[in-house]
Amino acid sequence: MNFQLTEEHLAVQAAARDFAQNELLPGVIERDTKEIFPAEQIKKMGELGFMGMMVDPKYNGGGMDTISYVLAMEEISKIDASASVCMSVNNSLVCWGLDKYGTEAQKEKYLTRLATGEIIGAFCLSEPEAGSDATSQRTTAEDKGDHYLINGTKNWITNGNSASVYLVIAHTDKEKGHKGINAFIVEKDMEGFTVGKKEEKMGIRGSDTHSLMFQDVKVPKENRIGEDGFGFNFAMATLNGGRIGIASQALGIASGAYELALKYSKERKAFGKEISQHQGIAFKLADMATQIEAARLLCLKAAWLKDTKQDFSQAGAMAKLYASQVAMDTTVEAVQVHGGYGYVKEYHVERLMRDAKITQIYEGTSEIQKIVISRSILK
Ligand code: CAA
C-alpha cells in the first residue's frame, strides 16, 4: 500500500491551493454576506481545468483521476464552499453523468462546453415532496413520440440560476415505479422553463439555490439520457460519485477551520502563554487533526476505488457520512478556540461552521448514507 501522492497530484493540489488563496479568499466574506454567486471565480476555475477535471480530454476535460478531484475540492472548500459546491455539482453530477452515459451527440453539444466551465450545469432530482425518497417525485415527462413534455417543480437546485444546462429526473410511467423514471437534458431557454425563487440560506450563501418550474417544456427525444427507464439508475450512479465530491467539500471545510484554529492558537496569548500551550486547546487540536486525517483517508479510498473501477458506493457513502460529521464537529470547535473572535465574520470560522451543516443534508442526508452503507454490508 502506497500513501504517497504523485507529482501530478501534488501539482493539482498546489494549483488549487494557490487559486483559493489568491482568487477566492479576497471577497469571500462579502459574497457570503450579500449572497453573491462567484461567477468570475467560477469562470477562472473553468480556465484552470477545475470544472471538468475527470472528463475525457476528447470532450475538453482534464482527463484527471478522482484522487486529483478530491485534492482540488479540499483546497477550494477550505476557502469557499459556495464555489466548491458549484464545482462539485458540475464535475460529479453533470459532467461525469454525461461523460459516462451520454450519447456522442450529447457529449459534443453539451459536455464540451460544460467541461471547460464555459457553461455550468445543474442536477435536478429533489422536489417539494421528494428529497430523500427519490422515487416519490411528481415531475412528469409525457412521451409524445419525437419529444417529451415535462411538467413539475424541482426544489433546492444548486446552480439553479447560473446554470445553462439542467439534468432533470422525471417520471414517464408511474406504474413502473423507478423503472418508469427518465433523465433529460433541459436547456435554460426552452419554452415553459422558469427559474423560481432563490433560497436564502444559512450557509453556502454565495451558491445560488433555486426552485425550478416546468410547464409543458418540450424536450427532444435525443435529450433523454440512456435507455427508456434508466433515469433512476442514472441518478443513483451519479450520486455515488457526487458523494465523494461532497465528502471532499466537508473535508475541506474541516481542514480550513482547523488550519485557522491552529494558526490562531499560536498567536493568541492567555494566562502568560500561547493558548496552544494550554492542554484544553492542544487536545482540541489533536482531536481535529486525527478526525480530519481519517476523513481524508476515507475520501481518498473512495476515489481510489472509483479510479480502479471497483464498487465505490459504500466507500463514498462512508466518506460523506464521516467527513460531514467531522466538518460539523471541527468547525464548532474552531469557533470555540477563537473565543469571541470566532463569532465574528472577519475570522472566517463562523462562516465555515454555517457552511458545514449542508454537507450533512445535500446529496443524501446522513441518514441516507446510513441506508446505503447498511444495505451494502447486509446484502
Ligand atoms: N448505487 C447504484 N444503484 C443504486 C443505489 C446506489 N447507491 N441505490 C439504489 N440503486 C438502484 C438499485 O440497484 C435499484 O436498481 P435495479 O432495480 O435496476 O436493480 C434501484 O436503484 C432502486 O433501488 P431501491 O429500491 O433500493 O431504491 P429506494 O427507493 O429504496 O431508494 C435510496 C434508495 C438510496 C434511499 C435513494 O432514494 C437515494 O439515494 N435517495 C437520496 C437522494 C439524494 O441524494 N438526493 C439529493 C439530491 S441531489 C443534490 O443534493 C445535488 C445538489 O444540489 C448538491
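Check the entry above for the structure.
Definitions and cut-offs
Counting starts from 1 at the beginning of each chain's written sequence and moves along it residue by residue. Per-residue local features of the predicted model are confined to residues with pLDDT of at least 70, and side-chain atom pairs are confined, for both listing and counting, to 80 or more; whole-chain, interface and lining totals are unaffected and use all residues. Here the side-chain values reflect all heavy atoms present in the structure, with hydrogen atoms and water set aside. The method works on a 1 Å grid over the protein atoms by themselves. A cavity is a set of points holding a 1.4 Å probe that cannot get out, a pocket is an open set with protein on both sides within 12 Å along at least five of seven lines, and residues with an atom within 4 Å of a point line them. Grid points are joined across faces, edges and corners, and a volume is the space filled by probe spheres set on the points. Labels follow the DSSP assignment, with helices taken as runs of H or I lasting at least four residues and strands as runs of E lasting at least two, numbered in each case from the N terminus. Amino acids are sorted into nonpolar (Ala, Val, Leu, Ile, Met, Phe, Trp, Tyr, Cys and Pro), charged (Asp, Glu, Lys and Arg) and polar (every other residue, Gly among them). Note on definitions: salt bridges are taken to be side-chain nitrogens of Lys or Arg within 4 Å of carboxyl oxygens of Asp or Glu. Note on exposure labels: buried denotes an accessible area under 20% of the residue type's maximum, exposed denotes more than 50%, and partly exposed covers the range between, all computed with a 1.4 Å probe on protein chains only. In this description, a line fitted to the C-alpha atoms serves as the axis of each element, helices being fitted only across the stretch in contact, and the angle between N-to-C directions of two axes falls anywhere from 0 to 180 degrees. Working rule for angles: under 35 degrees goes down as roughly parallel, over 145 as roughly antiparallel, 65 to 115 as roughly perpendicular, anything else as oblique. Here a crossing is called left-handed whenever its near helix is offset anticlockwise from the far helix by less than a right angle, and right-handed whenever the offset is clockwise. The contact rule is simple, with two residues in contact once any of their heavy atoms fall within 4.5 Å. When the centres of two rings from Phe, Tyr and Trp lie within 6.5 Å, Trp using its six-membered ring, the rings pair. Their planes under 30 degrees apart give stacked, over 60 give edge-to-face, and anything left gives tilted. Only lysine NZ and arginine CZ atoms are considered, and such an atom sits over a ring when it is within 6 Å of the ring centre and within 35 degrees of the ring normal. Given the number of residues in a helix, its expected span is that number minus one, multiplied by 1.5 Å.

So, on to empty space enclosed by the protein. Counting across every chain of the model gives two cavities of 30 Å³ or more. For the largest cavity, the full set of lining residues is V28, R31, D32, D80, S82, R205, G206, R351 and D355. Mapped onto the lining of the largest cavity, the elements with two or more residues apiece are α2 (28-34) and α10 (349-358). For the lining of the largest cavity, the leading source of residues is α2, giving three residues. In terms of residue class, the lining of the largest cavity is built from one nonpolar, two polar and six charged. If you add up the space inside the second largest cavity, you get close to 30 Å³. When residues of the lining of the second largest cavity are traced back to their parent elements, those giving at least two are α4 (66-79), α5 (81-101) and α7 (231-267).

A word on the pattern of salt bridges. Per the stated rule, a full pass over the model turns up 23 salt bridges. Note that R138 is salt-bridged to E129, the shortest N-O span being 3.2 Å. Accessibility expressed as a relative area gives 54% for R138, which makes it exposed. Linking K221 and D143 is a salt bridge whose minimum nitrogen-to-oxygen distance equals 2.8 Å. Within this pair, whereas K221 is found in the loop between β7 (209-220) and β8 (224-225), its partner D143 is found in strand β2 (residues 140-143), the two being separated by 78 residues in sequence. Classification of K221 by relative accessible area gives partly exposed; the value is 26%. On the basis of relative accessibility, which here comes to 38%, the residue D143 falls in the partly exposed class. Each of R17, E75, K78 and E259 takes part in a single network of salt bridges with overlapping partners.

In this section: the packing of helix α1 (residues 7-24) against helix α3 (residues 39-47). Orientation of α1 relative to α3, taken along the N-to-C sense of each, is 155 degrees, at an axis distance of 11 Å. As summarised for this structure, α1 and α3 are arranged roughly antiparallel, according to the angle between their axes. The way α1 lies across α3 gives a crossing that is right-handed. Here α1 contributes F19, E23 and L24 to the contact with α3, which in turn contributes Q41, K44 and M45.

Let's shift gears to the packing of aromatic side chains. Considering all chains together, one arrives at 10 aromatic pairs under this definition. Ring centres of Y101 and F234 lie 5.8 Å apart, and the angle between their planes is 75 degrees; this geometry places the pair in the edge-to-face category. Taken together, the residues Y101 in helix α5 and F234 in helix α7 connect sequence positions 133 residues apart. Aromatic rings pair up to connect W96, Y101, F230 and F234 into one cluster. In this structure, K306 is placed above the aromatic ring of F312, and the distance from its NZ or CZ to the ring centre is 6.0 Å.

To continue, consider the layout of surface pockets. One number sums up the size of the largest pocket: a volume of about 1000 Å³. For the largest pocket, the lining is made up of 34 residues, of which G131, L239, R243, E363 and G364 are closest to its centre. Looking at the lining of the largest pocket, the elements that each hand over two or more residues are α5, β3 (147-158), α7 and α11 (366-378). The volume enclosed by the second largest pocket comes to roughly 470 Å³. Lining the second largest pocket are 15 residues, with N2, F3, I67, L297 and L300 positioned closest to its centre. Elements with a minimum of two residues in the lining of the second largest pocket: α4 and α8 (279-307). Here the element with the most residues in the lining of the second largest pocket is α8; it accounts for six residues.

Relative to the 42 Å expected for 29 residues at 1.5 Å per residue, α8 spans 41 Å between its end C-alpha atoms, a close match to the ideal helical length. Those residues of α8 that sit buried are I281, L285, M288, I292, A295, C299, L300, A302, A303, L305 and K306. Buried residues along α8 sit against α4, α5, α7 and α9 (313-338). One or two residues past the end of α8 sits K309, with phi positive at roughly 60 degrees.

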